[in-house]
Every structure is written in structure tokens, then in C-alpha cells.
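An overview of the molecular structure
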There are 2 protein chains.
Amino acid sequence: MKIQLALDRFTVPQAIEIADEVRMYIDWIEVGTSLIKEFGMESVRELRKAFPEKIIVADIKTFDNAKYEFEMCFNAGADIATVMGAAPMVSIDTCINVARNMGKQVMIDLLNISSEQLQDLCKYEDAIFCLHISKDMQELTGIKQELKSLKVPNALRKIENVRLALAGGINLEFLNELGKNNAEVAIIGSSITKAEDKVLSARSISEAASKIKGGEQI
Amino acid sequence: MKIQLALDRFTVPQAIEIADEVRMYIDWIEVGTSLIKEFGMESVRELRKAFPEKIIVADIKTFDNAKYEFEMCFNAGADIATVMGAAPMVSIDTCINVARNMGKQVMIDLLNISSEQLQDLCKYEDAIFCLHISKDMQELTGIKQELKSLKVPNALRKIENVRLALAGGINLEFLNELGKNNAEVAIIGSSITKAEDKVLSARSISEAASKIKGGEQI
């Protein structure tokens, strides 16, 4: 399983410094929604420049204006951009098409969607599906309780070689449990970025993740 | 009815120049989602500085991380910030609370929500509800056809003195028709910003809007 380091609520220089510290233990770097909304595409460009060897995920959470936003992310150097599964299908369609045309990838954030919406999304077999416990939900209910209830819906399991990412306060303790879901990517934020010893935390998580089978598509 | 000028797909200096040209014919200025995602909070700060007398709407389309994003917008000078109605209720709750604490307003974007979600949102009686035809939908189906089908749901009509905003390719031709909905705000983008004669277009729209009764809450 790969590690996607989620960088949120930092300045761009802070984000670069943290990612650089744990560089050898992470696979993908997520330019968090808060970085994009606070600093714009400059955040994506700077992280792209600082980490030319990494997969850069722009967590832009597109809901409309899909072509403009996705081209903006990919032109700024992102390899993957995110769209909300709750967005209108016309927008998600557009994201998929822009990504295919530019040789890039789409991550669909499944936060707060209905089972009917999920069913509709399953046609995007080449997308990465992100099962997501929101920051606000984590703060409301406590992380551990929510993570335990994180299950991959049957609709997604039916997709052959489905690409899954898991997000939402994931720490070392739950990494193995989550591994049972056969996810390609674990999205980790504060368990690394807020750790007293970031390198130690990243190394432990990386070692645990390396023992978990996951997709190898990218 | 008030006019909210939506500024999207421009640089910040372009946005300021356009808004300044039509300054006397508009009431609220929307820092579009594309400006925020491309240039960050700098876009809100610059428009706030250039238009101290206007209501500034930050169309941040929050879906998570609500406290951080809303405080960021209000601290940058916005009077109103937007949250997606499709977001988890815990996040919308947080937006409402942050706005109340800071003496600011929330606009709830009703794009792509279910009737159950709308029912739940009706408890936020002091929010501004934005009925929204998305940019991507406009481009797919043609603006006129979609605008004709824009109806205020009964659930919203039941709220006493409900505050309504309408968005989605609104032009002069449809302004009067939309006026029947008793909206407080018409959100106008390209009908002004892409007009050959922006001042003429803004003046005509402003004159038509001034004859339509709407809310006066802000």
C-alpha cells in the first residue's frame, strides 16, 4: 500500500519542509484543499518543483467548472486531481475526459454521497475512489470510532482491480485493519505532519504499509 | 432585487478592472471559485481592498474543513462565504456557527442536492439559499432551457422571509421571469463580464432588477 502525505493548514514553505523531512517514506504528495484555497495554484506549482520524483495530488474538490479547474491543476504540475462524487455527473464526466486527454488521473472523493450516486460513479473504472471520513466528522465524533466503520461498499468491490484510497485520520494502529480493504493508497495527514518525531512516524507507517498488498497501477 | 457580480476565470487585476467599470450598477461582488482556487485568499483581500463599500461574497464552496475555510474567508474580508448544500451537515453547521460568531453570512449552494437534503437545510433560516444551475450544466444543455426550469422548491417557500439568490447564466431577458421567485439577489456573470458593452449591460440589468421586489436584509 502506498502512502499519500496530505498537507493541510500549512503555508507552502512549511508544507515543503515537512514533506522533505519524510521524503523517503512517502509515495504521493497531496496539496491539500486548504493550501489550494489559501494560496492558489502556486501551492501546486511549488510542490511540483520541490518534488519532481513524486506523484502530486491536487485536492481541489471540484464541484463545477470542471474543465477549467482540472486543466489548471494539471498545467500546474499535478498528476492527479480530485472531484467530489456529490457533484453533478456532467462535471465528473468532464473531469474524467480532461484527465484522459492529458494523460492524468482522477480521484473521486466519495464524501457524503448516496448509494445511488455511488452506483452511477462505478462506471468510471479507471478512476481512483477515495473513501473519506471528513475532517469535520473526525473532530465531531473522534477518529477511532469512525475509522472502524470504514467499509468498502459492495458496488466498488465489484469493479475489477478497483483503485481505492482511504482517508480520514489514519494512523499506524489502524493501518493494518484498513489494509484488509486492499486499498492502493492510505492518505495520511496529521499522524505524520503533527507527530513529535515526523521521521519516526513516517518510517513506521511506511514499513507497515509496505507489508500490505495494494494496487500497483501508477 | 440586488445584483451580485460573479467574477470567474479572470486574473485578480482583470476582475478588479471589470468590477470597477460597472461599480455603480452592482450591489454585491462575488470572488468566484476559480479566482480563489487559482489565486487563493489574495483574491478576496484584493477585491475587499478595491471595493470597501460593497458586500464581498467568497464563493469558496466549502465541503469540509469548514471552520478553517470560513474563518480564512472572513479574515480576508468577505462578508458572505458559500458552503455546498451537498456537504455533510456537520460542516454546514460549523459554517453557520462561524458566521454567526463573526457577524457574517452564509450562502448555501443548493447544487445537486436531494429533496431530503433540502428539507434538512431549511432549518438554517438566516442563511441565503442559492438556487444554482452549474456552469457545466449550462455548457451542456444551453442556458435558456435550464433557466426556464428554475423553480423555487416548496420547502424553501415555507421559510418566512426566505433569502434567495439565483445563479446560472442569468441575462436581462430572464431577469423579469426570475423576479417572480421573489429572490433577494440575482447572480450575474458573463451577461455583464463578457458583454461587448459592459456598462450598458450592467445598467440595463440594474434598472430591470431595481423594479423587482426582493429581500432587503443586508
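Residues numbered from 1 in each chain as written. Chains lettered and ligands numbered in written order. Predicted model: local features only at pLDDT ≥ 70, side-chain atom pairs only at ≥ 80, totals over all residues.

1. Comments concerning the overall build of chain A
Put simply, the rule reads: Working definition: helices are DSSP H or I runs of at least four residues, strands are E runs of at least two. Numbering for both runs from the N terminus. Atoms counted for the radius of gyration: C-alpha only. Globule rule: 2.2 Å times residue count to the power 0.38. Once C-beta atoms have been placed from the backbone, residue pairs whose C-beta atoms lie within 7 Å are recorded as contacts.
Counting secondary structure elements, chain A contains twelve helices and eight strands. What you see for chain A is a C-alpha radius of gyration of 16 Å, in line with the 17 Å of a compact globule of 218 residues. Seen through its C-alpha atoms, chain A measures out along the principal axes to roughly 45 × 35 × 35 Å. In chain A, of all internal contacts separated by at least 6 residues, the share reaching a separation of at least 24 is 59%.

2. Some remarks on the confidence of the model for chain A
For the record, the criterion: A residue's pLDDT is the confidence the predictor assigns to it, expressed on a 0 to 100 scale.
Per-residue pLDDT for chain A has a mean of 92; in total, 94% of the residues score no lower than 70. Across the interfaces of the predicted complex, the ipTM metric reaches 0.95, alongside a pTM of 0.95.

3. Section: the sheet that holds strand S2 (residues 28-31) of chain B
Residues and elements named next belong to chain B. Stated precisely, the cut-off is as follows: A strand pair is defined by DSSP finding two or more bridges across the two strands. In this analysis an axis means a line fitted to C-alpha atoms, helices contributing only their contacting stretch, and an angle means the value between N-to-C directions, from 0 to 180 degrees.
Spatial ordering of the closed barrel is given by S1-S2-S3-S4-S5-S6-S7-S8, a layout of eight strands whose pairing is parallel. Between one strand axis and the next, the sheet turns through 25° on average, direction left out of account. As paired strands, strand S1 (residues 2-7) and strand S8 (residues 185-188) are joined by four bridges and run parallel to one another. In the sheet register, Leu 5 faces S8, and the bridge partner there is Ile 188.

4. As for the nonpolar core
Across soluble globular proteins, nonpolar side chains have a tendency to be buried as a group. What counts here: By our criterion, buried Ala, Val, Leu, Ile, Met, Phe, Trp, Tyr and Cys residues that link up through C-beta atoms within 7 Å make up a nonpolar core. To sort residues by burial, count the other C-beta atoms lying within 10 Å of each one's C-beta; a count of 20 or more means buried, 12 or fewer means exposed, and anything in between means partly exposed. C-beta atoms are built from the backbone.
Ala186(A) and Ala186(B) are the most contacted members of the largest nonpolar core, which has 148 residues in total. Leaving out residues up to four positions away in the same chain, Ala186(B) has contacts with Met1(B), Ile3(B), Leu166(B), Ile170(B), Leu175(B), Leu178(B) and Ala209(B).

5. Observations concerning the interface of chain B and chain A
The following threshold applies: Any residue outside Ala, Val, Leu, Ile, Met, Phe, Trp, Tyr, Cys, Pro, Asp, Glu, Lys and Arg is labelled polar, Gly included; the first ten of those are nonpolar and the last four are charged.
Every contact between the two is made by 33 residues of chain B and, on the other side, 33 residues of chain A. Elements with a contribution of two residues or more to the side of chain B that touches chain A: helix H2 (33-39), strand S3 (55-62), helix H4 (66-75), helix H5 (89-102) and helix H7 (135-141) of chain B. Here the element with the most residues in the side of chain B that touches chain A is H2(B); it accounts for six residues. Taken together, the residues of the side of chain B that touches chain A sort by class into 16 nonpolar, nine polar and eight charged.

6. Topic: the relation of the copies chain B and chain A
Quick note on the threshold: Only residues with pLDDT of at least 70 in both copies contribute their C-alpha atoms to the least-squares superposition of the copies.
By a simple turn and slide, chain B fits onto chain A: the slide is 0.0 Å along the axis, the RMSD is 0.0 Å, and the turn is 180°. The transformation relating the two chain copies, once decomposed into turn and shift, fits a two-fold axis. Taking the C-alpha atom as reference, chain B places Gly40(B) closest to the rotation axis, 2.0 Å from it. The fraction of interface residues of chain B whose copies in chain A are also interface residues reaches 100%, indicating that both copies meet through the same surface.

7. Quick look at unusual backbone geometry
All names here are of chain A. In this model, Arg 9 sits at a positive phi of 60°, which is unusual for a non-glycine residue. Turning to its location among the elements, Arg 9 is positioned in the loop between strand S1 (2-7) and helix H1 (12-21). The class for Arg 9 is partly exposed, based on 18 C-beta atoms found within 10 Å.

8. Remarks on the environment of Arg163(A)
Residue and element names in this part refer to chain A. Tracing the backbone shows Arg 163 in strand S7 (residues 163-167). With 22 C-beta atoms packed within 10 Å, Arg 163 lands in the buried category. Each C-alpha atom, one on Arg 163 and one on Lys 198, is 28 Å from the other, the two residues being 35 residues apart in sequence.

9. A short note on the pairing of strand S5 (residues 105-109) of chain B
Residues and elements named next belong to chain B. Note the threshold: The path from the first strand over the helix to the second decides the hand: if it runs clockwise while the strands point away from the viewer, the crossover is right-handed.
Most of S5 is tucked away: five of the five residues are buried. Residues Gln 105, Met 107 and Asp 109 of S5 are buried on one face, and the alternating residues Val 106 and Ile 108, pointing to the opposite face, are buried as well. Pairing between S5 and strand S6 (residues 128-132): three bridges, direction parallel. When the bridges of S6 are listed, Met 107 appears paired with Ile 128. Remark: the S5/helix H6 (residues 115-121)/S6 crossover connection has right-handed handedness.

10. Some details on the pairing of S8(B)
Residues and elements named next belong to chain B. Side chains of S8 alternate between two faces, with Val 185 and Ile 187 and Ala 186 and Ile 188 buried alike. Of the strand pairs in this sheet, strand S7 (residues 163-167) and S8 are connected by three bridges, and their pairing is parallel. When the sheet's bridge partners are listed, Ala 165 is paired in S8 with Val 185.

11. Looking at the environment of Ile187(B)
Residue and element names in this part refer to chain B. By secondary structure assignment, the location of Ile 187 is in strand S8. Between the alpha carbons of Ile 187 and Asp 126 there is a distance of 19 Å; along the sequence they are 61 residues apart. Setting aside anything within four residues of it in sequence, one finds Ile 187 in contact with Gln 4, Ala 6, Glu 30, Ala 165, Leu 166, Ala 167 and Ile 170.

12. Some words on H5(B)
Heads up, the condition is: Take the number of residues in a helix, subtract one, and multiply by 1.5 Å to get its expected span.
Its 14 residues place the ends of H5(B) 20 Å apart at the C-alpha level, agreeing with the 20 Å of an ideal helix rising 1.5 Å per residue. Taken residue by residue, H5(B) has Ser91(B), Ile92(B), Thr94(B), Cys95(B), Ile96(B), Val98(B) and Ala99(B) as its buried positions. Buried residues along H5(B) sit in contact with helix H7 (135-141) of chain A together with S3, H4, strand S4 (80-84) and S5 of chain B. Gly103(B) sits one or two positions beyond H5(B) and adopts a positive phi of about 70°.

13. Quick word on the sheet that holds S1(A)
Residue and element names in this part refer to chain A. Read around the closed barrel, the eight strands follow the order S1-S2-S3-S4-S5-S6-S7-S8; overall the barrel is parallel. The sheet shows a mean angle of 25° between the axes of neighbouring strands, direction not considered. Looking at chain direction, strand S3 (residues 55-62) and strand S4 (residues 80-84) are connected through three bridges and run parallel. What sits directly across from Thr 62, in S4, is Val 83. Across the sheet, helix H12 (residues 198-210) touches S1 and strand S8 (185-188), and the angle it forms with S1 is around 145°.

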